[in-house]
Amino acid sequence: MKTLLTSLGLLASTTVFAQQAEQPPLQTLLRPGTHCGFFVAASAQYARLDGQDALAATGRIGVSFNRSFALGLGGTALTNGRIPNRWDDPIDTSSPDYLVAAYGGIYLEPMFPAGKAIHLTFPVLLGAGAATKERDLNGPYYRYQADEFLIVEPGVQLEVNLLKYVALGAGASYRMTTGLNLPDTSSKALNGMSAGVTLKLGLL
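All values reported here derive from a predicted model rather than from experimental measurement. (Residues numbered from 1 in each chain as written. Predicted model: local features only at pLDDT ≥ 70, side-chain atom pairs only at ≥ 80, totals over all residues. Heavy atoms only, no water.)

(A) Here's a closer look at the pattern of salt bridges. Enumeration over the complete set of coordinates arrives at 4 salt bridges. With a shortest N-O distance of 3.6 Å, Glu109 and Lys200 are connected by a salt bridge. Placement of Glu109 in strand S4 (residues 97–112) and of Lys200 in strand S10 (residues 192–203) is noted, with a sequence separation of 91 residues between them. Take Glu109: its relative accessible area is 1%, and that puts it in the buried class. The exposure class assigned to Lys200 is buried, which follows from its relative accessible area of 2%. Linked through salt bridges whose partners overlap, the residues forming this network are Arg60, Glu109, Glu159 and Lys200. (Salt bridge = Lys/Arg side-chain N within 4 Å of Asp/Glu carboxyl O. Helix = DSSP H or I, 4+ residues; strand = E, 2+ residues; numbered from the N terminus. Buried < 20%, exposed > 50% of the residue type's maximum accessible area, 1.4 Å probe, protein only.)

(B) A look at unusual backbone geometry. A cis geometry characterises the amide bond from Phe112 onward to Pro113, with omega recorded as -10 degrees. Relative to the assigned elements, Pro113 resides in the loop between S4 and strand S5 (118–121). In the Ramachandran plot, Arg67 falls in the positive-phi region, its phi being about 55 degrees despite a non-glycine side chain.

(C) The arrangement of the side chain of Ser64 in detail. Turning to its location among the elements, Ser64 is positioned in strand S2 (residues 52–65). With sequence-adjacent residues up to four places away left out, Ser64 is seen in contact with His35, Cys36, Gly37, Phe39, Phe69, Ala70, Met111 and Leu204. (Contact = heavy atoms within 4.5 Å.)

(D) The pairing of S5, seen in detail. Where burial is concerned, the two faces of S5 differ: the one with His119 and Thr121 is buried and the one with Ile118 and Leu120 is not. Sheet topology note: the S4/S5 ladder contains 2 bridges and is antiparallel. Residue pairing in the sheet places Phe112 in a bridge with Leu120 of S5. Here S4 folds back onto S5, and the loop between the two strands holds 5 residues, one of which, Gly115, carries a positive phi near 80 degrees. (Pairing = 2+ DSSP bridges.)

(E) Layout of the environment of Gly196. Mapped onto the elements of the fold, Gly196 is located in strand S10. When its relative accessible area of 22% is taken as the criterion, Gly196 is described as partly exposed. Here the alpha-carbon distance between Gly196 and Gly169, two residues 27 residues apart in the chain, equals 8.5 Å. When neighbours within four sequence positions are excluded, Gly196 is seen to be in contact with Ala44, Gln45, Gly169, Ala170 and Gly171.

(F) The arrangement of the pairing of S2 in detail. When strand S1 (residues 36–49) meets S2, the two strands line up antiparallel, connected through 14 bridges. By the bridge assignment, Leu49 is partnered in S2 with Gln52. Turn length for the S1-S2 hairpin, with the two strands adjacent in sequence and antiparallel, is 2 residues, and the turn residue Asp50 shows positive phi of about 55 degrees. Relative to strand S3 (residues 69–79), S2 is paired through 11 bridges, and the arrangement is antiparallel. Bridged to Ser64 within S3 is Ala70. Between the end of S2 and the start of S3, which pair antiparallel, lie 3 residues, with Asn66 showing a positive phi angle near 55 degrees.

(G) Here's a closer look at the packing of aromatic side chains. This model, assessed by the stated rule, comprises 1 aromatic pair. Their ring planes at 65 degrees and their centres at 6.3 Å tell us that Tyr103 and Phe149 sit as a pair that is edge-to-face. Remark: Phe149 occurs in strand S8 (residues 147–163) and Tyr103 occurs in strand S4; sequence separation between them is 46 residues. On the basis of relative accessibility, which here comes to 7%, the residue Tyr103 falls in the buried class. Directly above the ring of Tyr107 sits Arg60, whose terminal nitrogen or CZ lies 4.8 Å from the centroid. Here the guanidinium or amino end of Lys200 rests over the ring plane of Phe39, the centre of that ring lying 4.6 Å away. (Phe/Tyr/Trp six-rings, centres within 6.5 Å; stacked < 30°, edge-to-face > 60°. Lys NZ or Arg CZ within 6 Å of the ring centre and 35° of its normal.)

Here's what the structure looks like:
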C-alpha cells in the first residue's frame, strides 16, 4: 500500500510539472513600468462636403500608453452651410439645401517617435454616423430624409508638446463612408479630405 501511495504521488507531481512546462507565460498589455496618460482634444477643420466647402468640429477623450499609442473615443459634426436664424429669417423656399453630418467612434492613434517634443501621430477613426439635408426656413429646420453610414477616417498629424500638459497639432484626414441614400445627393458626398488644427490637454 505504501508503495502504491508513493507511486501515485510521484505520478501527480510529474503531471503538474508537465502542465506548468507546457503553458506559456501570461502576456498582458500593461506591463510593470508602463506609462499611462489621459487627455482631451478638440479640433477645428476645413473640409469638403458634397463638393462644397465645409466646417468640421471634433472632440476626443483618450488614454495613451508609453507616449507611443493612444486609444480613445471621439465625435465630429460638419456642415456645408450656415446655421440659420430661426426667428428672424424670412421664409425663402429658394434657399439652398445644406448637408449636415455627425459621426463618432473609436480612435486608434500610433505616435512616432515616442515621447519626443515634435512627433507624428497617425489617428484612425472607426465608427458610424448619420447625415441629413436641411433648408434655411423661418422657424425650425425643414428636415429631409436622414441616412446612416459607417466610416473609416485615417489621418496624419504633426504634433508639438508645448508644455507638459499641452500639445498642439496640425494635420489632415480622409473620410471614407458607406454609400448615402439622400435626395439629390451623391452616395459618396461625405467622402473627402479634412485639414485643421488640434489642441490636446492632459497628462500626456
